[in-house]
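Here are the chains, one letter per residue:
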Amino acid sequence: MSTKFLYYKSSILFRALKNLGDKSNQNYIILDKSFSIIYCDENYTSLTDYTFQDIAYSPFKKLLHHIKFNTKFDEIEDRLRKGKITTAELVHTRKNSIAFYADLEFLPFQNENNETELILVFIKDVTFTQLHSFLERLEKEMFIAIQNDVPFIEKLQLICSGIDHLFHPYSFTSIILMEGDQLQMMQSGVFHQGKLIHYPLENTLEVHCYRKLIELETITVYEDIQKLTIHQPHKDILIANEFTKGVIIPIQKADGERLGVMTVYFEERSYDVKIYIPFIEKIVDLIVLAHSYEKKQQQIYKLAYIDKQTGMANRHGFIQQLEELGELGGAVYLIEPSEFSRIVELYGRDTGEALMKQIYERITEKCGDVQVVGRFASSSLIIYWEYRVAEMPPIERLLKCIVEFPFVVEGKSLYITLKSGGAAVGQGKSLQDGIRHAENALSEAKNHSGTYAKFYTQERDAQLEKELFILHHLTEAIRNKEMTAYFQPKVELRKGRITSMEALARWISPTLGFVSPADFIPLAERAG
């Protein structure tokens, strides 16, 4: 037994602190004024497997798990020198090098000169509490992300980053999910500052390895991950940080559907992985929750924004995509096959839908610079074409190119004509007004034969307003008997006799004055 220990053992203060520690029934150690260990009790030995002989007179900071905690302990030392009671949560090591989260309470005792003589330190293993707190915090962040419609990838990166920050710099986490035939890699930015942290896996050997890991039935711990064919950038990180142990966690839903796999890599002896597996399983539940919510959102999006029959954006989806483009500067065009209603009447609705889908495909094939295409109504499509004022899109050329060859629908060869109405959007012209104006132009285009396109002009609005105004007064004119019939005889010139009479309607309105038959008769015929 050293002279130094005998000195402290005979100290009244030392005996008082030891008595205080024994009565507390807690794990404790006693430090001298140089922050070296001069005593540890049996509870501390049980917790850490260190005997007093193992750590006698060693600086306490050497028992902390990483140099960043040593730096933090320097700040604690400054407080203790000033006699300030201090608490902290640090990562402590056991004798076998496995770490645990420790709640530390430092009680400094000073002499009459205000110099710290001894420090009583109570140590509590709070690993479970720390993990539980982390899980609660992660769950809260995930639910907030779901409520705020945070993109799915960001939700997964939230999980990866949370795990890596919790254990940093002792772990590296990634999630690999199946998306169709591809595997998508997602990881945190802890080890990837400024780098892409979401991308598809392309290396065939790596894809094959991860597909095998996805098929694992249970969580598997690999003591030597060098035997696995993992993603090469990840392998570089593991080598650089001396990570040798890997925990592979299959991600699957309650019904057994496999979604992917999560990998967490550790230092060989940094943590007792078994302690963390129940928490990792709950994290997997969060991933499944986020995935299920994403799929449900995709279903809702399809119902709200995708045309079920053709798979293209519907009217709402078209408008949403344009709003995402930001500032607009171009034109919207409505395109409608003139023969659509007759084709549906003759061959059925499915044939009409197949025709609309083929028109959509030809538009995207023939005109790659069309930014957005959507289904406007059952018989019409809508496109947005960006252009500068001096470069009007050649819409008529596009239409004639589309109908140059017949459409083959369900074995039937169909030649059609197209009508189109277009209007400018952007530069002070709203999207809603642009769509309304395009509908007006389409209505006028339908009065022409063959494939025809009409671009909206302001005169068209004036004409429509005039027609509606006349139609409104026409109803009143009939009720008020404002119409007068003029009979014009038809004379057979050779015989000089009247053969019949032609009735001509004339309308003199108290409000409008004389209204030309050329204005009101076509309106009366359309109105019935």
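Residues numbered from 1 in each chain as written. Predicted model: local features only at pLDDT ≥ 70, side-chain atom pairs only at ≥ 80, totals over all residues. Heavy atoms only, no water.

A.B. asks: Any chance you could explain the sheet that holds strand β20 (residues 497–509) here in plain terms?
C.D. replies: Backbone hydrogen bonds are what pair the strands of a sheet, in a parallel or an antiparallel way. If you trace the 3 strands from one edge of the open sheet to the other, you get β19-β20-β21, paired in antiparallel fashion. The outermost strands of the open sheet, each flanked by one partner alone, are β19 (483–492) and β21 (513–515). Pairwise comparison of adjacent strand axes, ignoring direction, gives a mean angle of 35° for this sheet. Strand direction decides the pairing type here: β19 and β20, joined by 10 bridges, are antiparallel. Bridge assignment links V491 to a residue of β20, and that residue is I498. (Pairing = 2+ DSSP bridges. Helix = DSSP H or I, 4+ residues; strand = E, 2+ residues; numbered from the N terminus. Axes fitted to C-alpha atoms, helices over the stretch in contact; angles between N-to-C directions.)

A.B. asks: I tried to follow the environment of V221 on my own but got confused; where do I start?
C.D. replies: Mapped onto the elements of the fold, V221 is located in strand β9 (residues 220–222). Between the C-alpha atom of V221 and that of I248, which follows or precedes it by 27 residues, the distance is 6.3 Å.

A.B. asks: Sorry, what's going on with the packing of helix α11 (residues 315–325) against helix α15 (residues 431–445) here?
C.D. replies: Packed helices, taken two at a time, are described by their axes: the angle between them and the distance between them. Relative orientation of the contacting elements α11 and α15 amounts to 135°, with a least axis distance of 12 Å. Between α11 and α15, the crossing angle belongs to the class labelled oblique. Like other packed secondary-structure pairs, α11 and α15 cross with a definite hand, here right-handed. Here R315, I319 and L322 of α11 lie close against α15, whose contacting residues are L431, Q432 and I435. Considering only residue class, the contact of α11 with α15 consists of 4 nonpolar, 1 polar and 1 charged. (Parallel < 35°, antiparallel > 145°, perpendicular 65-115°, else oblique. Left-handed = near helix turned anticlockwise from the far one by under 90°. Contact = heavy atoms within 4.5 Å. Nonpolar A, V, L, I, M, F, W, Y, C, P; charged D, E, K, R; others polar.)

A.B. asks: Explain the side chain of S380 here, please?
C.D. replies: Structurally, the position occupied by S380 is in strand β14 (residues 380–386). When neighbours within four sequence positions are excluded, S380 is seen to be in contact with I335, E336, M356 and R375.

A.B. asks: Please explain helix α14 (residues 395–402) as it appears in this structure.
C.D. replies: Listed as buried for α14 are I395, L398, L399 and I402. Along the axis of α14, the buried residues cluster in a sector spanning 100°; they form a single face. (Buried < 20%, exposed > 50% of the residue type's maximum accessible area, 1.4 Å probe, protein only. Arc of directions from axis to C-beta.)

A.B. asks: What is the right way to look at the side chain of R258 in this model?
C.D. replies: Structurally, the position occupied by R258 is in strand β11 (residues 258–267). Overall, R258 belongs to the buried group, its relative accessible area being 17%. At 2.9 Å, the side chain of R258 and the backbone oxygen of L216 are in polar contact. Within the structure, R258 has its side chain in polar contact with the side chain of E217 (distance 3.0 Å). Excluding residues that lie within four positions of it along the chain, R258 makes contacts with M178, I214, E215, L216, E217, P250, I251 and Q252. (Polar contact = N/O pair within 3.5 Å; in protein donor to acceptor, adjacent residues only side chain to side chain.)

A.B. asks: Any chance you could explain the pattern of salt bridges here in plain terms?
C.D. replies: Within the structure shown, the criterion is met by 15 salt bridges. A salt bridge links E353 to R375; its shortest N-O distance comes to 2.8 Å. One end of the pair, E353, is in helix α13 (residues 349–366); the other, R375, is in strand β13 (residues 370–377), with 22 residues separating them in the sequence. Using a relative accessible area of 12% as the deciding quantity, one classes E353 as buried. (Salt bridge = Lys/Arg side-chain N within 4 Å of Asp/Glu carboxyl O.)

A.B. asks: Help me understand the packing of helix α12 (residues 340–347) against α13 in this model?
C.D. replies: One way to put it is that α12 packs onto α13 with a least axis distance of 7 Å and a crossing angle of 140°. Taken together, the axes of α12 and α13 lie oblique to each other. Across from F340, I343, V344 and Y347 in α12, the residues of α13 making contact are R349, T351, G352, L355 and M356.

A.B. asks: Teacher, can you tell me more about unusual backbone geometry here?
C.D. replies: Residues apart from glycine generally show negative phi values, whereas peptide bonds are mostly found in trans. With phi around 65°, Y57 is a residue other than glycine that occupies positive phi space. Take Y57: its relative accessible area is 26%, and that puts it in the partly exposed class. Look at N114: it is not a glycine, yet its phi comes out positive at around 60°. With respect to the element layout, N114 can be found in the loop between β4 (99–110) and β5 (116–125). A relative accessible area of 56% means that N114 is categorised as exposed.

A.B. asks: Please clarify how a nonpolar patch on the surface should be interpreted in this entry.
C.D. replies: Together, F487, V491, L493, I498 and M501 give the surface a local cluster of nonpolar side chains, amounting to about 580 Å² of exposed area. Contributing elements (two or more residues each) for the nonpolar patch: β19 and β20. Relative to the helices and strands, L493 is located in the loop between β19 and β20. A relative accessible area of 77% means that L493 is categorised as exposed. (Patch = residues over 30% accessible without salt bridge, like charges linked within 9 Å, V, L, I, M, F, W, Y side chains within 5 Å. Areas by Shrake-Rupley, 256 points an atom, 1.4 Å probe, with all protein chains shown as cover.)

A.B. asks: Which parts of the structure should I look at to understand the sheet that holds β4?
C.D. replies: Taken in spatial order, the 5 strands of this open sheet run β2-β1-β5-β4-β3, and their pairing is antiparallel. Each edge of the open sheet carries a strand with a single partner, namely β2 (37–40) and β3 (86–93). For this sheet, the mean angle separating the axes of adjacent strands, direction not counted, is 30°. Those strands touched by helix α2 (residues 12–24) are β1 (27–32), β2, β4 and β5, and its axis lies near 15° from that of β5.

Honestly, it's all geometry; don't read function into it.
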